[in-house]
Amino acid sequence: MITHTLVINCGSSSLKFALINPADQVTTLTGLAEKLGLPDACISFKQDGRKVELSLAQGDHAGAMRAILSYLNERELTGSVTAIGHRVVHGGETFKQSTLIDDGVIAAIEDCARLAPLHNPAHLLGIRTAMECFPDLPQVAVFDTAFHQTMPQHAYLYAVPMALYREHGVRRYGFHGTSYRYVTAEAANMLGKALADTAFVCAHLGNGASVAAVLGGRSVDTSMGLTPLEGLVMGTRSGDIDPGIFGYLAAELGTDIQGVTDILNKQSGLLGLSELSSDCRELEDAAATGHTGAIIALEVFAYRLAKQIAAMTVALGRLDAVLFTGGIGENSPLLRGKVIKQLGFLGLTLDAAANDAAFRGKSGRITTADSVAALVVNTNEELMIALDTAALTGGQGA
């Protein structure tokens, strides 16, 4: 009998899902519920190359989960679902690996919500909704932060009073760990190397973006910190910034710390620099027509990324490959090219034709054969969540 894991990635107004058979790693169904809580809330299902879209009529997360359950029932798939896996952004220092969800785990995820107020409350909503709709199924939490728990102290500590770390958890945690686990294993296979004998700098680039130094399959440093705001320039997030800007802008704008935080999280990054869009595709099109803001935004993004990649090599001691993944990393030859050209001193030489060909699901090497490797690797966080869930619940494919 074919068994499936239902993978849930719940946001504040969205719910992304996938139905995966962990035994053969085939995805049977994917979908997305959007604009939850609004009059035009909707949900889409993709299966066998076909897409079905339905209105949820002001549906909330519970309504979206009921719609998923109804869809599975109609196609006689419900009985094949043996477990549910949830993406959870922040596990703090409590969770160093994926774990079966119980009341204690829920309480710990709630406690970590102070570290990820934009993410963890939404994940908890998804977990509770799934438990209501699938009360007899085991549920597993897979944490973005868990992968980075191997970082040494000198990489994760901030130079602030140690009491802030001991009593309030102020340290670098890092994110995108599930993606990094997947792409580093894939890259090792692509290069014909054992994962334990690799030194990679990985760049997960999307609306949220980060880099990580991964040595022998273990994270040794990363760019995101206490929250997902630190590090690279992102879609609407500033990334690294002088912390003194909080007091300065609060005084200049007559706002409070939360007001400044909102600016740095929601109005900055590519959007703030370009004054046009947070979407890299739109910015590339605009830059091609000479839009000054778009050109500046892309140049800053590429420069800051190249600088972070170079910095991460310090943690590795050597460099086997630079990996590009995520929506931008997998689909922007322009930005990859800009970054690699700035990293020539590390031994990378762009293969322009290969770079241009790595697009829309096509992965592979994008540097010349005689240079340090740079690879485009398509990530699959949903599959990693499904495999972890199967391993913890006795399912197949572990």
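As a reminder, the structure under discussion sits directly above these lines.
Here's a quick rundown of the structure. Given the structure is predicted, the values throughout are model-derived calculations rather than measurements. (Residues numbered from 1 in each chain as written. Predicted model: local features only at pLDDT ≥ 70, side-chain atom pairs only at ≥ 80, totals over all residues. Heavy atoms only, no water.)

**Concerning the overall build of the protein**
A count of helical and extended segments in the protein gives 15 helices and 14 strands. Taken against the 2.2 N^0.38 rule, which gives 21 Å for 398 residues, the C-alpha radius of gyration of the protein at 21 Å falls within 12% of a compact globule. In terms of overall dimensions, the protein has a C-alpha envelope of 55 × 55 × 45 Å along the principal axes. By residue count, 52% of the 398 residues in the protein fall in the buried class. Counting only contacts in the protein whose residues sit at least 6 apart along the sequence, the fraction spanning at least 24 positions is 61%. About 17300 Å² of surface is accessible on the protein, with carbon and sulfur atoms providing 52% of the total. Considering the protein, the positive charge centre built from 29 side chains and the negative charge centre built from 40 side chains are found 4 Å apart. (Helix = DSSP H or I, 4+ residues; strand = E, 2+ residues; numbered from the N terminus. Rg over C-alpha atoms; globule rule 2.2 N^0.38 Å. Buried < 20%, exposed > 50% of the residue type's maximum accessible area, 1.4 Å probe, protein only. Contact = heavy atoms within 4.5 Å. Areas by Shrake-Rupley, 256 points an atom, 1.4 Å probe, with all protein chains shown as cover. Lys, Arg positive; Asp, Glu negative; His and termini not counted. Charge placed at Lys NZ, Arg CZ, Asp CG, Glu CD.)

**Looking at the pairing of strand β6 (residues 81-88)**
Of all the eight residues making up β6, seven are buried; the element is thus mostly covered by neighbouring parts of the structure. Judged from the five bridges that link them, strand β1 (residues 4-10) and β6 form a sheet pairing that is parallel. Pairing of Thr5 across the sheet is with Ala83, part of β6. The sheet contact formed by β6 and strand β8 (residues 139-143) spans five bridges and is parallel. For Ile84, the partnering residue across the bridge sits in β8 and is Gln139. (Pairing = 2+ DSSP bridges.)

**Describing the sheet that holds strand β14 (residues 373-376)**
The mixed open sheet is built from six strands, whose spatial order is β11-β10-β9-β12-β14-β13. The sheet is open, and its two edges are formed by β11 (218-222) and β13 (364-365), each paired on a single side. As defined by bridge partners, strand β12 (residues 321-325) adjoins β14 across four bridges and the pair is classed as parallel. Note that in β14 the partner of Leu323 across the bridge is Leu375.

**Regarding the sheet that holds β6**
Pairing between the strands of a sheet is mediated by backbone hydrogen bonds and can be parallel or antiparallel. Strand order in the open sheet made by the eight strands is β5-β4-β3-β2-β1-β6-β8-β7, with mixed pairing throughout. In the strand order of this sheet, the two ends are held by β5 (50-55) and β7 (99-100), each with one partner. Alignment of strand β3 (residues 26-34) against strand β4 (residues 42-47), held across five bridges, turns out to be antiparallel. Its bridge partner lying in β4, Leu32 is registered against Ser44. Against the sheet, helix α1 (residues 61-74) touches β1, β2 (15-21), β3, β4 and β6, its axis set at about 30 degrees to β4. Contacting β1, β2, β6, β7 and β8, helix α15 (residues 381-393) crosses the sheet at an angle of about 125 degrees to β6. (Axes fitted to C-alpha atoms, helices over the stretch in contact; angles between N-to-C directions.)

**Quick notes on the packing of aromatic side chains**
Counted under the stated rule, the structure contains four aromatic pairs. On the basis of an interplanar angle of 0 degrees and a centroid distance of 4.0 Å, the ring pair of Phe45 and Tyr71 is categorised as stacked. One end of the pair, Phe45, is in strand β4; the other, Tyr71, is in helix α1, with 26 residues separating them in the sequence. Each member of the pair Phe45 and Tyr71 is classed as buried. Judged by centre distance (6.0 Å) and plane angle (50 degrees), the rings of Tyr156 and Tyr165 are tilted. Tyr156 sits in the buried class, given a relative accessible area of 9%. Residue classification places Tyr165 among the buried residues on the basis of a relative accessible area of 15%. Counting every residue linked through ring pairs, the aromatic cluster contains Phe17, Phe45 and Tyr71. Here the basic side chain of Arg171 rests over the ring of Tyr156, its NZ or CZ set 3.7 Å away from the ring centre. A cation sits over an aromatic face here: Arg171 above Tyr173, 4.8 Å from the ring centre. (Phe/Tyr/Trp six-rings, centres within 6.5 Å; stacked < 30°, edge-to-face > 60°. Lys NZ or Arg CZ within 6 Å of the ring centre and 35° of its normal.)

**Examining unusual backbone geometry**
In this structure, Asp48 is a non-glycine residue whose phi angle is positive, near 55 degrees. Tracing the backbone through its elements, the reader meets Asp48 in the loop between β4 and β5. On the accessibility criterion, Asp48 (63% relative accessible area) is exposed. Phi is positive for Glu76, close to 55 degrees, though the residue is something other than glycine. For Glu76, the location among the structural elements is in the loop between α1 and β6.

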